[in-house]
Amino acid sequence: MPIVAATKESIAPAAEALVNGEMVAFPTETVYGLGANALDAAAVTKVFACKERPRFNPLIVHVLGLDQAQSYAAVNETARKLAERFWPGPLSLVLPRKRNCAIADLVTAGLNTVALRAPNHPVARALLETAKLPIAAPSANRSGCVSPTTAAHVEAELGELPAMILDGGPCKLGLESTVLGIKGDQVTLLRLGALSRQEIENVLGRKLAMHVAGGKVSSPGQLSIHYAPATPLRLEARTPRGGEAFLAFGPHAPLYAGPMINLSEQGDLSEATNKFFAALRSLDAIGATAIAVMPIPNQGLGEAINDRLQRAAQARLPSPASRFDDARTTAPKRPSEATLDAMVRIVGEDHAIREPAAMAPYLVEWRDRYVGRAALVLKPASAAEVAAILKRANETRTDIVPQGGNTGLVGGQIPFESGHEVVVSLSRMTHVRDIDLNGNTMTVEAGLVLANAQAVAASAGRLFPLSLASEGSCQIGGVLATNAGGTAVLAYGSARDLTLGLEVVLADGRVWNGLKRLRKDNSGYDLKDLFIGSEGTLGIITAAVLRLLPKPAEIVTAFAGLSHLESAAAFFTRAYALAGPMLTAFELLPRIGLDFVLKHGAATRDPLHSAHPWYVLFELSSQRDDGEVARLAEMLLSEGIEAKEIDDAVIAASLAQRRELWRLRELMSEVQKHEGGSIKHDVAVPVARMPEFIARANQLVELMIPGARPVPFGHLGDGNIHYNVSQPPSMDRAVFLANWEALNAAVHEIVLDLDGSISAEHGIGRLKRDLLRHAKQPLELEMMRKIKNAFDPYGILNPGKLL
Ligand SMILES: Cc1cc2nc3c(=O)[nH]c(=O)nc-3n(C[C@H](O)[C@H](O)[C@H](O)COP(=O)(O)OP(=O)(O)OC[C@H]3O[C@@H](n4cnc5c(N)ncnc54)[C@H](O)[C@@H]3O)c2cc1C
């Protein structure tokens, strides 16, 4: 049993163990350290091995004070000033290594800097004085796990591996030291910690530069994945959900019958810091489904707590490699040449692609986020050909990826990198089978491009109202498989609401003819609704009966500038109350998005005279051409201005002006490409909570990626926001995009906390598959899996997507 009470008697053998190249765990005022002689490479190797710590991650060396520090590092005036003020204490300084510095290279991970700290704990100081050595000591836990704040924590994690664990009671501060890098005059905050940023800035008399996350590790404590409990964390949680443990903060924490620790009922951040790691450990031990963590104010020591929470949450995200592994019970295998040849014969050589170069357009999605490989691309011409392909695939367990116009934004239509899947493109199935003007329906094949479907309806004097910015490429099959939304959902609903019947080829090759034209059919389960939104995982849609509507005779489009986001929700309520079903679109745009459009979009201009923080673009439509909607629009705008909900507005005076206004909205997504990397979220929250969502998400972005630029826009009337975030202008694109999953996870936590959805209209696909498990109730997932197994028992349809 290596735990020994830290007394004068036990310090001497502990110091001797260090001199002899052993490891000793000891308390500091921050956390317990796992110490070794910093001059002895073999001893330090033991620390890396015991912690399973990556060798590129340097260690902090503990010294008695400035005199000893100067033996190993160049201490300039700035460093001296800080050390004199904060040493001994929770501050580590990363300084240039002296030429003759005797500290082992392993300690500094081969860098030309060394991290030094003078601890303030009496046991740590007694150990340093007695051993007369610099002690390299990271936290005494396995790499990536929660830092220990008691001797018992150390023992639970490292057992008998250290020669001794000196027990000096619980650590006073409970959080690691703050780490500063000093290069000449420049001081960079490398890790937030137990000494607050403000205290340091007060001594320096200036703001600290902040280390940008990502890239090469240049000091201890920079790994983005760290300090993580085994239980997943749900950040920004205002209320816990059943089965969760709850880490609360402050006097307004909700009552919870489940396991709960309040870090500080008084809202005291020092107390919270002190209890933080120990509380995480206790809640982790409970075996809850997740630890829900209340928002912690991001100021003073709260910054460091939030930093650890972010890293801990990131550590629970599954690695991309794990995604495909558990998609099915058998490993994907390459189909035999005989199977591929047989499939090619079904469509004919001219409609099959085998060469990788010719396949390329089918293997990459429009943002280049996913690039896959395939054994074959097939372009069948009929439901019978699709049926023959699926029959063969089911018999040979060949994985199939259905593809429409390849405009999906969640990677569902792109095969994985194995190269074993067969892509089935519906692009040749473009026939309009029937138009029924009495019944107001049209029956079309799945490969018909949406814009062409709209044109067919228009030429028959009807409206097919589904409208997306990708309508020039996306196909009816893809639109139905993703249950696409767009700008007209407010009045006409999403793809599901516009579909009366389907023809679907099942996984085993049988064809279900469900092409009914009925508005009413209560004869059992609605099977078509299962396939709509199933993203190619239950069957391949080959044709659909779509609803047609009367063409509007009068449309009025208006664009208004607003000072406050809150007014957008109020103005929407007013518009809906006044216009009801005549309100056919209500879109939100932020000024930054308009700036991007005006900067990068050809032939665009600001429709208003001055800049406004927010804009809404809305449309009123009527079947009668009697000026009613124009009068209504004017009344609405003047009421809105009087109520101070909007500041200024313009009404399109011609079709050309109407198109110009819509172009501002339609370019919103595309122009972000010119501003560097963009991390996207397609989420829905109740309309009234939209301002709260955007405010909380913006705060989070600033916390996680300072300087990043949120561009929230979208279908306000549906509560659907595309919460896109453009990179900080000076940041490397790849470094920024490395935050994608962590930011997604954190933003989605806010969404779920507001009773929203992590996918409003783009679907789940590959991008959000792991998130789905977190966002859905276990019972919902169980029902979905049962449906999948019933329709596709061998899992050949789009495996690794959605479920
Ligand atoms: C600029 C831009 C703007 C967009 N705006 C919107 C928007 O406002 N609202 C919105 O909802 N979406 C939007 N999207 C997303 C996208 O356009 C839609 O998801 C669209 O419905 C996809 O159709 P697609 O034919 O391109 O399908 P694909 O991208 O080819 O496939 C999408 C999914 O459907 C499956 N699939 C395709 N065809 C079939 C079929 N016949 N049978 C079974 N499964 C099939 C695929 O396997 C995949 O899982 C936008 C995309 C872009 C690029």
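Residues numbered from 1 in each chain as written. Predicted model: local features only at pLDDT ≥ 70, side-chain atom pairs only at ≥ 80, totals over all residues. Heavy atoms only, no water.

Trainee: For helix H21 (residues 655–666), give the residues involved together with the corresponding values.
Mentor: Taking 1.5 Å as the rise per residue, H21 with twelve residues should run 16 Å; its terminal C-alpha atoms sit 16 Å apart, in good agreement. Regarding H21, the residues found buried are Leu661, Trp662, Leu664 and Arg665. Looking straight down H21, one finds its buried side chains confined to an arc of 145°; they lie on one side. Turning to H21, the residues buried within the fold contact strand S27 (554–562), strand S28 (583–590), helix H19 (591–600), strand S29 (614–622), strand S33 (709–715) and strand S34 (720–726). (Helix = DSSP H or I, 4+ residues; strand = E, 2+ residues; numbered from the N terminus. Expected span 1.5 Å × (residues − 1). Buried < 20%, exposed > 50% of the residue type's maximum accessible area, 1.4 Å probe, protein only. Arc of directions from axis to C-beta. Contact = heavy atoms within 4.5 Å.)

Trainee: Explain a nonpolar patch on the surface to me, using residue names and the numbers behind them.
Mentor: On the surface, Val432, Ile435 and Leu437 cluster together into a nonpolar patch covering about 200 Å² of accessible area. Structurally, Leu437 is set in the loop between strand S20 (432–436) and strand S21 (441–445). (Patch = residues over 30% accessible without salt bridge, like charges linked within 9 Å, V, L, I, M, F, W, Y side chains within 5 Å. Areas by Shrake-Rupley, 256 points an atom, 1.4 Å probe, with all protein chains shown as cover. Salt bridge = Lys/Arg side-chain N within 4 Å of Asp/Glu carboxyl O.)

Trainee: Can you explain the site of the ligand? Please cite residues and give values.
Mentor: Around the ligand, 35 residues are found, and the nearest of them are Pro402, Gly404, Thr407, Gly408 and Ser470. Within the backbone of Gly404, an N or O atom sits 2.7 Å from an oxygen atom of the ligand. The contact in question runs from a nitrogen atom of the ligand to an N or O atom on the backbone of Ile541, over 3.0 Å. Compared with its free state, where it exposes 970 Å², the ligand has 94% of that area covered by protein. Listing elements by their share of the shell around the ligand, those giving two or more residues are strand S18 (400–403), helix H15 (476–481) and strand S25 (539–547). Sorting elements by how many residues they give to the shell around the ligand places H15 first, with four residues. (Near = heavy atom within 4 Å. Polar contact = N/O pair within 3.5 Å; in protein donor to acceptor, adjacent residues only side chain to side chain.)

Trainee: So, the sheet that holds strand S17 (residues 376–378): which residues are in play, and what are the values?
Mentor: A sheet is described by the order of its strands in space; here four strands give the open sequence S16-S17-S19-S18, paired in mixed fashion. Of all the strands in the sheet, just strand S16 (352–353) and S18 have a single pairing partner and so form its edges. Bridge analysis of S18 against strand S19 (residues 422–425) gives four bridges, and the strand direction is parallel. Opposite Val401, over in S19, you have Val423 as the bridge partner. Of the strands in this sheet, S16, S17, S18 and S19 touch helix H11 (residues 337–347), which is tilted by about 20° from S17. (Pairing = 2+ DSSP bridges. Axes fitted to C-alpha atoms, helices over the stretch in contact; angles between N-to-C directions.)

Trainee: Talk me through the environment of Glu645; I want residue IDs and the actual numbers.
Mentor: Checked against the element boundaries, Glu645 lands in the loop between helix H20 (628–642) and strand S30 (648–651). Put simply, Glu645 and Ala570 are 75 residues apart on the chain and 7.0 Å apart in space, counted from C-alpha to C-alpha. Residues within four places of Glu645 in sequence aside, it is in contact with Leu562, Ser567, Ala570, Phe571, Arg574 and Gly640. In terms of polar contacts, Glu645 uses its side chain to reach the side chain of Arg574, at 2.8 Å.

Trainee: Can you tell me about helix H1 (residues 8–19), naming the residues and giving the values?
Mentor: Taking 1.5 Å of rise per residue, the twelve residues of H1 would be expected to cover 16 Å, and the 17 Å separating its terminal C-alpha atoms lies within 8% of that figure. Within H1 the residues assigned to the buried category are Ser10, Ile11, Ala14, Ala15, Ala17 and Leu18. Relative to the axis of H1, the buried residues are bounded by an arc of 155° and lie together on one face. Summarising the geometry of H1, the exposed residues directed more than 90 degrees from the buried face are Lys8, Glu9 and Glu16. One or two steps after H1, the chain reaches Gly21, where phi turns positive at roughly 85°.

Trainee: Break down the sheet that holds strand S13 (residues 245–248) for me, with residues and values.
Mentor: Strand order in the open sheet made by the four strands is S12-S15-S13-S14, with parallel pairing throughout. The two strands at the open ends of the sheet, each matched to only one other strand, are strand S12 (233–234) and strand S14 (260–262). For S13 and S14, the ladder comprises three bridges, and the chain directions are parallel. Its bridge partner lying in S14, Phe246 is registered against Met260. The strands that helix H8 (residues 269–284) touches are S12, S13, S14 and strand S15 (291–293); relative to S13, the one it contacts most, it runs at about 170°.

Trainee: Which residues make up the confidence of the model for the protein chain, and what values go with them?
Mentor: Confidence in the prediction of the protein chain, expressed as mean pLDDT, is 91, and 95% of residues score 70 or more. Between residues 316–331, whose pLDDT stays under 50, and residues either more than four places distant or in other chains, the model counts 30 contacts. (pLDDT = per-residue confidence, 0-100.)

Trainee: Please provide a residue-by-residue account of the packing of aromatic side chains, values included.
Mentor: For any two aromatic rings, the description comes down to two numbers: the centre-to-centre distance and the angle of the planes. Across all of its chains, the model carries eleven aromatic pairs by this definition. Ring centres of Phe246 and Tyr256 lie 6.0 Å apart, and the angle between their planes is 85°; this geometry places the pair in the edge-to-face category. With Phe246 in strand S13 and Tyr256 in the loop between S13 and S14, the pair connects residues that are ten residues apart, well separated along the chain. A relative accessible area of 21% places Tyr256 in the partly exposed class. Between Phe586 and Phe618, the aromatic rings sit 6.0 Å apart at their centres with planes inclined by 25°, giving stacked as the arrangement. A residue pair is termed long-range when its members are at least 10 positions apart, and Phe586 in strand S28 and Phe618 in strand S29 qualify at 32 residues. By relative accessible area, Phe586 is classed as buried at 2%. Three or more aromatic residues joined by ring pairs make a cluster, and in this case those are Phe571, Phe572, Tyr576, Phe586 and Phe618. In this arrangement the basic side chain of Arg397 is found over the ring face of Tyr794, its NZ or CZ atom lying 3.3 Å from the centre. (Phe/Tyr/Trp six-rings, centres within 6.5 Å; stacked < 30°, edge-to-face > 60°. Lys NZ or Arg CZ within 6 Å of the ring centre and 35° of its normal.)

Trainee: With reference to specific residues and values, describe unusual backbone geometry.
Mentor: In this structure, the amide linkage connecting Trp87 to the following residue, Pro88, adopts the cis form with an omega of -10°. Along the chain, Pro88 turns up in the loop between helix H4 (77–86) and strand S5 (91–96). Look at Ala603: it is not a glycine, yet its phi comes out positive at around 50°. Residue position: Ala603 is located in the loop between H19 and S29. Assessed through its relative accessible area of 75%, Ala603 is described here as exposed. The residue Lys644 is not glycine, and still its phi comes out positive at about 60°.

Trainee: Explain the pairing of S21 to me, and be specific about the residues and the numbers.
Mentor: Counting buried residues in S21 gives five out of five residues, a clear majority hidden from the surface. Taken together, the four bridges between S20 and S21 define a ladder with antiparallel strand orientation. Within S21, the residue paired with Val432 across the bridge is Val444. Counting the residues that bridge the hairpin from S20 to S21 gives four residues, and of these Asn440 lies at a positive phi of roughly 55°. Where S21 and S25 come together, five bridges link them in antiparallel fashion. Looking at S25, one finds that Met442 is bridged to Leu546.

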